[in-house]
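# Analysis of the macromolecular model
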Amino acid sequence: MNRDDMLLVDAPPEQLWTLIRDRKFVRFHVPPVAVKGAPRLDVMLDFDADSVDELIVRLTVLRAQMLPPLPAPHSRS
């Protein structure tokens with residue numbers, strides 16, 4: 001994917017992620033997206049608790065990959 005094709009989200013997490021009233025799902029509300037030749041696209045994704053746990057694990061792994069590698073440990077000999 002070309003970086004020029006990306007749309008960076010500038011919204012606080014509390015607007016993107018909310019707990020649904022029944023407290024069984026977390027909703028991810030994507031900010032409105034403009035698609036050429038179509039009306040405004042409004043996307044909301046609901047995740048159950050197991051899916052949220054899996055997302056946290058996956059995002060943690062990806063976040064670690066975004067960081068620079070740790071320095072090599074010093075020799076103790």
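You'll find the structure just up there.
Residues numbered from 1 in each chain as written. Predicted model: local features only at pLDDT ≥ 70, side-chain atom pairs only at ≥ 80, totals over all residues. Heavy atoms only, no water.

## Here's the deal with the overall build of the protein chain
Here is the rule we go by: Counting from the N terminus, the helices are DSSP H or I runs at least four residues long and the strands are E runs at least two residues long. In this analysis, two residues are considered to be in contact whenever any of their non-hydrogen atoms come within 4.5 Å of each other. Reported accessibility uses the Shrake-Rupley method at a 1.4 Å probe radius. Residues are deemed covered only where the shown protein chains occlude them. Neither His nor the chain ends contribute to the count of charged residues, in which Lys and Arg are positive and Asp and Glu negative. Where a charge lies is defined by one atom per residue type, namely NZ (Lys), CZ (Arg), CG (Asp) and CD (Glu).
The number of helices and strands found in the protein chain is 2 helices and 3 strands. Its helices and strands in sequence order give the protein chain the pattern α-β-β-β-α, from N to C terminus. Seen through its principal axes, the protein chain has C-alpha atoms that stretch 65 × 40 × 20 Å. Relative to all contacts within the protein chain whose residues are 6 or more apart in sequence, the contacts with residues 24 or more apart total 13%. Put simply, the protein chain shows about 7500 Å² of open surface, and 60% of that area lies on carbon and sulfur atoms. In the protein chain, which carries 10 positive and 11 negative side-chain charges, the distance between the mean positions of the two groups comes to 3 Å.

## Some words on the pattern of salt bridges
Quick reminder of the rule: Every case where a carboxyl oxygen of Asp or Glu lies within 4 Å of a side-chain nitrogen of Lys or Arg is listed as a salt bridge.
Throughout the structure, instances matching the rule amount to 1 salt bridge. With a shortest N-O distance of 2.7 Å, Arg27 and Asp46 are connected by a salt bridge. Taken together, the residues Arg27 in strand S2 (residues 26-33) and Asp46 in strand S3 (residues 41-47) connect sequence positions 19 residues apart.

## Focus on the packing of aromatic side chains
Under the convention used in this document: What counts as a ring pair is set by centres within 6.5 Å for rings of Phe, Tyr and Trp (its six-membered ring), and what kind of pair is set by the plane angle: stacked under 30 degrees, edge-to-face over 60, tilted for all other angles. In this scheme, a residue with accessible area under 20% of its type's maximum is buried, one over 50% is exposed, and one in between is partly exposed, where area comes from a 1.4 Å probe on protein chains only.
Taken as a whole and assessed by the stated rule, the structure comprises 2 aromatic pairs. Seen in terms of ring centroids, Trp17 and Phe47 are 5.9 Å apart; in terms of plane orientation they differ by 40 degrees. Their pairing is tilted. Remark: Phe47 occurs in strand S3 and Trp17 occurs in strand S1 (residues 17-19); sequence separation between them is 30 residues. Taking relative accessible area as the criterion, Trp17 reaches 36% and is therefore assigned partly exposed.

## Details of the pairing of S2
To keep it simple, the criterion reads: A strand pair is defined by DSSP finding two or more bridges across the two strands.
As defined by bridge partners, S1 adjoins S2 across 3 bridges and the pair is classed as antiparallel. Looking at S2, one finds that Trp17 is bridged to Phe28. Here 6 bridges tie S2 to S3, and the two strands are oriented antiparallel to one another. Its bridge partner being in S3, Val33 is matched across the sheet by Leu41.

Worth remembering: the numbers are spatial, not functional.
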